[in-house]
Amino acid sequence: MQQIPGGVCAAQGFSAGGAHCGLKKVKPDLALIVSAVPAAAAATYTKNVVQAAPLHVTKRHLADGMLSAVIVNSGNANACAPDGEANAFAMCASAAEALGLAAEQVAVSSTGVIGVSMTPKMPLVQNGIASLAESLTADAAGSDAAAKAIMTTDLTQKEMAVQLTLGGKTVHLGGIAKGSGMIHPNMGTMLCFLTTDAAIAPALLSRALGLAVERSFNRISVDGDSSTNDFCLIMANGLAGNAEICEENADYAAFLAALTDICVYLAREIAADGEGATHLITCTVKGAPDEEIATTIARSVISSSLVKSAVFGKDANWGRILCAMGYAGVNFDPERVSVSFASEAGEVPVCKNGRGLSFDEELALKVLTPHEVEICIDMAQGNAESTCWGCDLTYEYVRINGEYRS
């Protein structure tokens, strides 16, 4: 597997673009991704009971496991808003008309402020879609434009693509994502759009996506809030010419590994770009009885407001880590737990067998200063491990969300 440029346009037969239609004052707010041929498709959605209108429309359009395009807007979540489903379907219909498709071949996704009607600006959106459809490109610039258009409070755009060999054919996978706040497992205010020219049966594509999301986007947290609009979509058009993957064989395993790598990369980018964040926190739990327990504990640690605040303050306050482990909801023996902090500046053990160790505070400060800080936990109670990602909690996070609508 090799990393390549191109994002969602790296795979054969996909084009994309982004534009400004007027939902935002100045920045791009409309993205479109299109496959030249109908593609197998699968998606995962937020588990929030309150779900935005675009998710309901997309679920209906994905019922047959096939799609040709996805239209995305930022600047308005179209959630809990008047005429939400009608407006979401109208976006699909406008894209379909511009592309010569049926509306049911188009998925729709939105991100932005909840509870604001899109109706007054729908003429701008529909005109923007028509114009955008004429400007799509099948190169990196198209993916780049789409990645910018789906951003809200993000400071960085998030893209990745890889190529690998399946059945003697070169296959490409690419993705773009957005997310900075309201990020928490299952999933977070995040959107992700993935494309591949691999041929894979819809049922296996759905299974692979579910596994990849569980190991990536469901292992990040910025602030403990899961949004109404979270959505991850993959389209596979088969233009690479590999023999269709119809069973969980070696090609499926290689495809799943590549897809997971892309999702993990994008998930880390989301965590690192958390609103107001100054640190990416990587928490690895090893020595666990099973992976589920390791994941549950790592999630609890990276979700703890006190742990996140300590990392912001560069304070090696390891007691907060054991505390977060203790309320994770799984049984373990705290008398066997060891903890250390690590970064590019070195490593400092702070706890062994559930008891504090004497450590050099100056070294701890150096270790906790770089952008990425690792929390290393050894439970000494098995062979399983898991990694989750988060970010620190800063004054800037409160300012951003206190002023979000203004």
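Shown above is the structure to which this text applies.
I will try to describe carefully the structure that is included in this document.

### A short note on a negative patch on the surface
Logical step 1: Together, Asp315, Asp360, Glu361 and Glu362 give the surface a local cluster of negative charge.
Logical step 2: Locating Asp315 in the fold gives a position in the loop between helix 8 (305–312) and helix 9 (319–326).
Logical step 3: Looking at Asp315, the relative accessible area reads 37%, which means it is partly exposed.

### Regarding helix 6 (residues 250–272)
Logical step 1: With 23 residues, helix 6 should reach 33 Å at 1.5 Å per residue; the first-to-last C-alpha distance of 33 Å fits that figure.
Logical step 2: Its side-chain oxygen placed 3.2 Å from the backbone nitrogen of Asp251, Asn249 serves as the N-cap of helix 6.

### Here we look at unusual backbone geometry
Logical step 1: The backbone phi angle of Asn78 is positive, close to 50 degrees, even though this residue is not glycine.
Logical step 2: Its place among the elements puts Asn78 in the loop between strand 4 (66–74) and helix 2 (84–99).
Logical step 3: Given the relative accessible area of 1%, Asn78 is considered buried.
Logical step 4: Although it is not a glycine, Cys80 sits at a positive phi angle of roughly 55 degrees.
Logical step 5: Of note, Cys80 is situated in the loop between strand 4 and helix 2.
Logical step 6: A relative accessible area of 55% places Cys80 in the exposed class.

### Considerations on empty space enclosed by the protein
Logical step 1: According to the stated counting rule, one finds one cavity of 30 Å³ or more in the structure shown.
Logical step 2: Estimates place the volume of the largest cavity at around 30 Å³.
Logical step 3: Looking at the largest cavity, the residues that line it are Val307, Ala310, Val311, Asp315, Asn317, Ile321 and Phe341.
Logical step 4: No other element matches the three residues that helix 8 contributes to the lining of the largest cavity.

### A few points about the layout of surface pockets
One way to see where empty space is left: roll a probe the size of a water molecule over the atoms.
Logical step 1: Approximately 990 Å³ is the volume attributed to the largest pocket.
Logical step 2: Around the largest pocket, the lining comprises 31 residues; the ones closest to its centre are Lys24, Gly75, Val113, Thr152 and Tyr404.

### Section: the pattern of salt bridges
Logical step 1: In the structure shown here, the tally under the stated rule is 11 salt bridges.
Logical step 2: The partner of Asp154 in a salt bridge is Lys158, with the nearest N and O atoms 2.8 Å apart. For the pair formed by Asp154 and Lys158, the shared burial category is buried.
Logical step 3: For Arg299, the salt bridge identified is with Glu214, shortest N-O distance 2.8 Å. With Arg299 in helix 7 (residues 291–303) and Glu214 in helix 5 (residues 202–214), this residue pair connects regions lying 85 residues apart in the sequence.
Logical step 4: The class for Glu214 is partly exposed, based on a relative accessible area of 33%.
Logical step 5: Residues joined by salt bridges that share partners form a network here, namely Asp154, Lys158 and Asp273.

### Regarding the packing of helix 1 (residues 53–61) against helix 2
Logical step 1: Between helix 1 and helix 2, the least distance of the axes is 8 Å, while the angle of their chain directions is 55 degrees. Comparing their axes, helix 2 and helix 1 come out oblique. With respect to the hand of their crossing, helix 1 and helix 2 are arranged in right-handed fashion. Contact with helix 1, carried on its side by Ala53, Pro54, His56, Val57, Arg60 and His61, involves Gly84, Glu85, Ala88, Phe89 and Cys92 of helix 2 and no other residues of that element.
Logical step 2: Its residues assigned to classes, the contact of helix 1 with helix 2 comprises six nonpolar, three polar and two charged.

### Examining the packing of aromatic side chains
Logical step 1: The tally for this structure, following the rule as stated, stands at three aromatic pairs.
Logical step 2: Each ring, one from Tyr45 and one from Phe231, has its centre 5.5 Å from the other, and the planes form 25 degrees; the classification is stacked. One end of the pair, Tyr45, is in strand 3 (residues 30–45); the other, Phe231, is in strand 10 (residues 231–236), and 186 residues separate them in sequence. Side by side, Tyr45 and Phe231 carry an identical accessibility label, which is buried.
Logical step 3: Note on Phe312 and Tyr395: the rings are 5.3 Å apart at their centroids and 85 degrees apart in plane angle, and the pair reads as edge-to-face. With Phe312 in helix 8 and Tyr395 in helix 11 (residues 395–402), this pair connects stretches of sequence that are 83 residues apart.

### Details of the nonpolar core
Logical step 1: Counting residues in hydrophobic clusters, the biggest one holds 41 residues, and the most contacted among them are Leu173, Leu194, Phe217, Phe255 and Leu259.
Logical step 2: Elements represented by at least two residues in this core include exactly strand 3, strand 6 (158–166), strand 7 (169–178), strand 8 (191–196), helix 5, strand 10 and helix 6.
Logical step 3: Considering every element that reaches this core, the biggest residue donor is helix 6, with 12 residues.
Logical step 4: When sequence neighbours within four positions are dropped, the list of residues in contact with Phe255 reads Leu164, Leu166, Leu173, Thr196, Ala198, Ile200, Leu205, Ala208, Ile234 and Ile245.
Logical step 5: Within the second largest apolar cluster, 36 residues are counted, among which are Cys283, Met325, Val348 and Met379.

### Quick notes on the sheet that holds strand 15 (residues 372–378)
Logical step 1: The mixed open sheet is built from seven strands, whose spatial order is 9-16-11-15-12-13-14. Two strands bound the open sheet, and with one partner strand each, they are strand 9 (220–221) and strand 14 (355–356).
Logical step 2: Taken together, the seven bridges between strand 11 (residues 280–288) and strand 16 (residues 384–391) define a ladder with antiparallel strand orientation. By the bridge assignment, Ile281 is partnered in strand 16 with Gly390.
Logical step 3: Set on the sheet, helix 6 makes contact with strand 9, strand 11, strand 15 and strand 16; between it and strand 16 the angle comes to about 40 degrees.

So, how was this worked out
Residues numbered from 1 in each chain as written. Predicted model: local features only at pLDDT ≥ 70, side-chain atom pairs only at ≥ 80, totals over all residues. Heavy atoms only, no water. Patch = residues over 30% accessible without salt bridge, like charges linked within 9 Å, V, L, I, M, F, W, Y side chains within 5 Å. Areas by Shrake-Rupley, 256 points an atom, 1.4 Å probe, with all protein chains shown as cover. Salt bridge = Lys/Arg side-chain N within 4 Å of Asp/Glu carboxyl O. Lys, Arg positive; Asp, Glu negative; His and termini not counted. Charge placed at Lys NZ, Arg CZ, Asp CG, Glu CD. Helix = DSSP H or I, 4+ residues; strand = E, 2+ residues; numbered from the N terminus. Buried < 20%, exposed > 50% of the residue type's maximum accessible area, 1.4 Å probe, protein only. Expected span 1.5 Å × (residues − 1). Polar contact = N/O pair within 3.5 Å; in protein donor to acceptor, adjacent residues only side chain to side chain. 1 Å grid on protein atoms, 1.4 Å probe; cavity = no way out; pocket = protein on both sides within 12 Å on 5 of 7 lines; lining within 4 Å. Points joined across faces, edges and corners; volume = space filled by probe spheres on them. Axes fitted to C-alpha atoms, helices over the stretch in contact; angles between N-to-C directions. Parallel < 35°, antiparallel > 145°, perpendicular 65-115°, else oblique. Left-handed = near helix turned anticlockwise from the far one by under 90°. Contact = heavy atoms within 4.5 Å. Nonpolar A, V, L, I, M, F, W, Y, C, P; charged D, E, K, R; others polar. Phe/Tyr/Trp six-rings, centres within 6.5 Å; stacked < 30°, edge-to-face > 60°. Core = buried A, V, L, I, M, F, W, Y, C linked by side-chain atoms within 4.5 Å. Pairing = 2+ DSSP bridges.

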